[in-house]
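Report on the structure
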Amino acid sequence: MELLPRSPAEFGSARYWERFFRQRGQRPFEWYGAFPELCPVLHKYVRPRDKVLVVGCGNSELSEQMYDMGMCEDIVNIDISDAVIRQMRERSASARPRMSYLTMDMLQMDFPDAHFQVVLDKGTLDALLTDEEEATLAKVDQMFAEISRVLQVGGRYLCVSLAQAHVLKKAVEYFSREGWVVRVHQVAGSGDKQQFVLPVFVYVMTKFRKIPGSAAQILEICPEEQDRPVRVESAERLVAAVKDRQHYALLCSQISKTPCREQVSLDLCDKESGKPRYTLHVVDSPSVKPSRDNHFAIFIIPQGRETEWLFGTEEGRRQLAASAGFGRLVTVALHREQHYEGMAGIQAELSGKVMELAPPGLPARQQVPFLSVGGDIGVRAVRHCDSSPLSGEFVVEDVKGDGTCYFRRLIFLQNRNVVQSEARLLAPTPLPGQKKRRKDKKKPSPTEPPGAIDRSYLCCEHHKAMVAGLCLLGGPDALPGELAVLVVGLGGGSLPLFVHDYFSQARVAVVELDPSMLEVATRWFGFSQGDRMQVHISDGLDYVAKLAAEAPAQYDAVMFDVDSKDLTVGMSCPPPAFVEKPFLQKVKTILKPEGLFVLNLVCRDARLKESVLAALRDVFPLLYARRI
């Protein structure tokens, strides 16, 4: 402990390093990883004939190992501590004749301009840039200027660092402004060491001649698992990408030592596009008694089924993990924008990454099973993608359900885990007189879902409850022949279509705010208007208010199935304005005597939910509530 500085500023003090190396003696002190971890990255940028300068060399064995491995021999090491330079000269004098050690301040070097092809820095920048005080930043600018001066055009400054945000940002901004190419490598295997939980990075700054007036920046990151760098658009984005990897390393370190009290979620992104490819949830089951074979498993959620309760909610995933009988289960959801090569392809792609999420106590070389429903990854076909100013981006997709049924879904991407509308698709039937397919003809692809909508089937449980509520009309024995129904919220149109088709005397008016939804319902969900079905493009609040003022008591039933775009409110359906007491009075006004108001209420805030129910009780004499 006596080797540690009293303050971070001492890292930049020659006196501190003199005392440090005298007390430490001959034992090497390795900042941020040893040679085997750094070698794959260094090998890309250091050639045998390069003249290499190591700044702030300390008593690290890195230079000696580079020399002994034949990576490079013409290496000059400098440090401000005379004590460590004497130690290192003695260690290498006879064994490494072409390598030299000099006592020198890197802020004011004696070398001529353009003298080196490589400048190597292992932890020195981190030690110097301990804060963002003006004096510290001035020293760092001086360090960078000296490195730039002694490097040839085309030369590389290789900086091994823990990549604290302020350190990385300073280096990236300085050298990119000078017209250099900036690339950041994550060092493979560096995130699981006991000394540093955080991963180690190598900044590679390649010197180019600065072009006057050019603002172009080349910024890249090269994750540990791939050789090909990924281009990023700004210094901020590069810092954010590094921060993501640091958070992931901290997470892996934490959950490898202790069980997760809460479910952990993370996205694994596509290397090319940067978009999420897999969403993982780590679920621990304390009730499962551990044995050799039930420590850890991976569960692949079939495509299109990630919105189901069992897979899409914390409680569902907890139940899934317990029933699977594993101490830790990682559920994996597949994203609609991505292509997957079957279960075997997913297993090959994920096997290395998911092992980083293994629980404590996993036996060495333990086989980790990949599980799924029915052993496949499901089927998802995106039929339509679009966006509207009111609903944002949305998709229409066909997915294979449990069994042989296919379903068409409308998903708003701002809340992609919620199915906005859903309809079952009909299996294709041969036309009368149509010949059977000959055996030698090509069979239809199992991934090609049918196209026609089954209008007789209500997929959504809340739609079934809303339709069942209509039985309360017209007394206990029968529904009235003629029925006037107002539906606020169209979506895919399943609810008004069902009322229209199965209540033959019903006249249905639908109010929808977003004209794009009428187009989607008509084109993709079999919706159509006619004598008994009319859609009004209007704000539901305004439409009801106008009816209350001009044409009261005209509807037998008013049905609200409206989602809220404000995700900050604990109520996702309907928007709060639709359940305020003055507006509910207007709803009551447009109902006939003994008319019925049916509301789809989705509220996870218990207090807010109780206030909505209280407002409903105040306005309506009788309230039935059914939990879905």
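Bear in mind that the values here come from a model prediction, so they are computed numbers and not experimental data.

So, how was this worked out
- Residues numbered from 1 in each chain as written.
- Predicted model: local features only at pLDDT ≥ 70, side-chain atom pairs only at ≥ 80, totals over all residues.
- Heavy atoms only, no water.
- Phe/Tyr/Trp six-rings, centres within 6.5 Å; stacked < 30°, edge-to-face > 60°.
- Helix = DSSP H or I, 4+ residues; strand = E, 2+ residues; numbered from the N terminus.
- Buried < 20%, exposed > 50% of the residue type's maximum accessible area, 1.4 Å probe, protein only.
- Expected span 1.5 Å × (residues − 1).
- Axes fitted to C-alpha atoms, helices over the stretch in contact; angles between N-to-C directions.
- Left-handed = near helix turned anticlockwise from the far one by under 90°.
- Contact = heavy atoms within 4.5 Å.
- Nonpolar A, V, L, I, M, F, W, Y, C, P; charged D, E, K, R; others polar.
- Lys, Arg positive; Asp, Glu negative; His and termini not counted.
- Salt bridge = Lys/Arg side-chain N within 4 Å of Asp/Glu carboxyl O.
- Polar contact = N/O pair within 3.5 Å; in protein donor to acceptor, adjacent residues only side chain to side chain.
- Pairing = 2+ DSSP bridges.

**Regarding the packing of aromatic side chains**
Scanning the entire structure with this criterion turns up 15 aromatic pairs. Taking the centre distance of 5.0 Å and the plane angle of 50° together, the rings of Phe-144 and Tyr-174 count as tilted. Of this pair, Phe-144 sits in helix H6 (residues 134-150) while Tyr-174 sits in helix H7 (residues 165-177), and the two are 30 residues apart along the sequence. On the numbers, 4.6 Å between centres and 25° between planes, the contact of Phe-498 with Tyr-502 is stacked. With Phe-498 and Tyr-502 both in helix H13 (residues 494-502) and four residues apart, this pair spans about one turn of that helix. By relative accessible area, which is 48% here, Tyr-502 ends up partly exposed. Each member of the aromatic cluster is reached from another via a ring pair, and the members are Phe-144, Tyr-157, Tyr-174, Phe-175 and Trp-180.

**Here's the deal with H7**
Compared with an ideal rise of 1.5 Å per residue, which puts 13 residues at 18 Å, H7 spans 18 Å between its outermost C-alpha atoms and is within 8% of the ideal. Turning to H7, its buried residues number three or more, namely His-166, Val-167, Leu-168, Lys-170, Ala-171, Val-172, Tyr-174, Phe-175 and Ser-176. Gly-179, located one to two residues past H7, shows a positive phi value of around 90°.

**Re the packing of H7 against helix H8 (residues 235-257)**
At a minimum axis separation of 10 Å, H7 and H8 run at an interaxial angle of 145°. Note on packing geometry: the crossing formed by H7 with H8 is right-handed. Seen from H7, the contacting residues are Ala-165, Leu-168, Lys-169, Val-172 and Glu-173; seen from H8, they are Ala-235, Glu-236, Leu-238, Val-239 and Val-242. When grouped by side-chain class, the residues that make up the contact of H7 with H8 number seven nonpolar, no polar and three charged.

**Some details on the side chain of Asp-126**
Inspection of the secondary structure assignment puts Asp-126 in helix H5 (residues 124-128). Although Asp-126 is buried, it forms no salt bridge, and the closest oppositely charged side chain is Lys-122 at an N-O distance of 12 Å. Among the polar contacts made by the side chain of Asp-126, one reaches the side chain of Ser-161 at a distance of 2.8 Å. Within the structure, the side chain of Asp-126 is placed 2.9 Å from the backbone nitrogen of Leu-162, a separation counted as a polar contact. For Asp-126, the contacting residues outside a window of four places in its chain are Tyr-32, Ser-161, Leu-162, Ala-163 and Val-167.

**Description of the sheet that holds strand E2 (residues 75-79)**
Spatially, E3-E2-E1-E4-E5-E7-E6-E8-E9 is the arrangement adopted by the nine strands of the open sheet, whose pairing is mixed. Of all strands in the sheet, those with a lone pairing partner are strand E3 (100-103) and strand E9 (230-232), marking the two edges. Taken pair by pair, the neighbouring strands of this sheet meet at an average axis angle of 20°, ignoring direction. Where strand E8 (residues 218-222) meets E9, three bridges bridge the pair, whose relative direction is antiparallel. In the strand pairing of E9, Glu-220 is matched with Arg-231. Packing of helix H4 (residues 82-92) onto the sheet brings it into contact with E2 and E3, and relative to E3 it is tilted by some 165°.

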